[in-house]
Amino acid sequence: PMAANEARSSRESPGLAGGDRLTRLSILIRIGQALSADLELASLLETVHREVGRLFATDNFFIALHRAGDAEFAFALQYEHGRRKPVRYRSLKRGMTGYLLRTGRSVRFCHPEEAKRFLAEQGIETIGEFAKSWMGVPLLAGDAVVGAMAIQSYEREALYSPSDLELFEAIASQLAVAVRNAQLFEDAQRRVREMDAIAASGRDINS
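Residues numbered from 1 in each chain as written. Predicted model: local features only at pLDDT ≥ 70, side-chain atom pairs only at ≥ 80, totals over all residues. Heavy atoms only, no water.

> Residue-level account of helix 1 (residues 21-36), with values.
End to end, helix 1 covers 22 Å across 16 residues, agreeing with the expected 22 Å (1.5 Å per residue, within 8%). Taken residue by residue, helix 1 has Arg24, Ile27, Leu28, Ile31 and Leu35 as its buried positions. Viewed along the axis of helix 1, the buried residues span an arc of 100°, placing them on a single side of the element. Projecting away from the buried face of helix 1 at angles above 90 degrees are the exposed residues Leu22, Gln33 and Ser36. (Helix = DSSP H or I, 4+ residues; strand = E, 2+ residues; numbered from the N terminus. Expected span 1.5 Å × (residues − 1). Buried < 20%, exposed > 50% of the residue type's maximum accessible area, 1.4 Å probe, protein only. Arc of directions from axis to C-beta.)

In structure tokens:
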């Protein structure tokens, strides 16, 4: 299991809408089946957002993607206050998302004060509106961190429990493999297009 920095509270309320084990297992199976049948990145991310929405309120949710060696990552899918945000890029050195991507560690906060204390201790820049509850996990494909996923609430404290974090990590593990496969597929398709372009250029020169 991946390490987690958990800001715990003596008063925790579960984040799941119907959080029994059967519901969790059925969601994991459904996500796994959906992800295994799709190699289109945008579609994969939408699938995860939809399925996670069966478990948690996803008005404030994002999936960030990162390729090894890049200095930036992309917020490939992001919702803030229920509104879809355009894709945007940020330095790997900035914010909690950068921390997840750099360290490969999961983080859960139950109160804004815990988040502020953690950010100060780690020297992490504060970006955006402070959430009352926050849960973020890296997308780990083998030894590589290919992205991060987070969910938050601006209305309720102590919303996510340790078991919620475990479930979120399990979903992230499935997504990470799917993202890696989709990236490999995209790379292969790009190489095919490049080879076709080179071949076409050669034919033009010869003619």
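> I'd like a description of the layout of surface pockets, backed by residues and values.
Its boundaries defined by the atoms lining it, the largest pocket holds a volume of some 480 Å³. Together, 26 residues line the largest pocket, and Ile127, Gly128, Glu129, Trp134 and Gln152 are the ones closest to its centre. Of all the secondary-structure elements, those providing two or more residues to the lining of the largest pocket are strand 3 (72-80), strand 5 (88-91), helix 3 (95-103), helix 4 (112-122) and strand 7 (133-141). Residue classes in the lining of the largest pocket are distributed as 11 nonpolar, 8 polar and 7 charged. If you add up the space inside the second largest pocket, you get close to 290 Å³. Together, 13 residues line the second largest pocket, and Leu65, His66, Arg67, Ala74 and Tyr89 are the ones closest to its centre. Only strand 3 and helix 5 (162-206) provide two or more residues apiece to the lining of the second largest pocket. Its residues assigned to classes, the lining of the second largest pocket comprises 7 nonpolar, 2 polar and 4 charged. (1 Å grid on protein atoms, 1.4 Å probe; cavity = no way out; pocket = protein on both sides within 12 Å on 5 of 7 lines; lining within 4 Å. Points joined across faces, edges and corners; volume = space filled by probe spheres on them. Nonpolar A, V, L, I, M, F, W, Y, C, P; charged D, E, K, R; others polar.)

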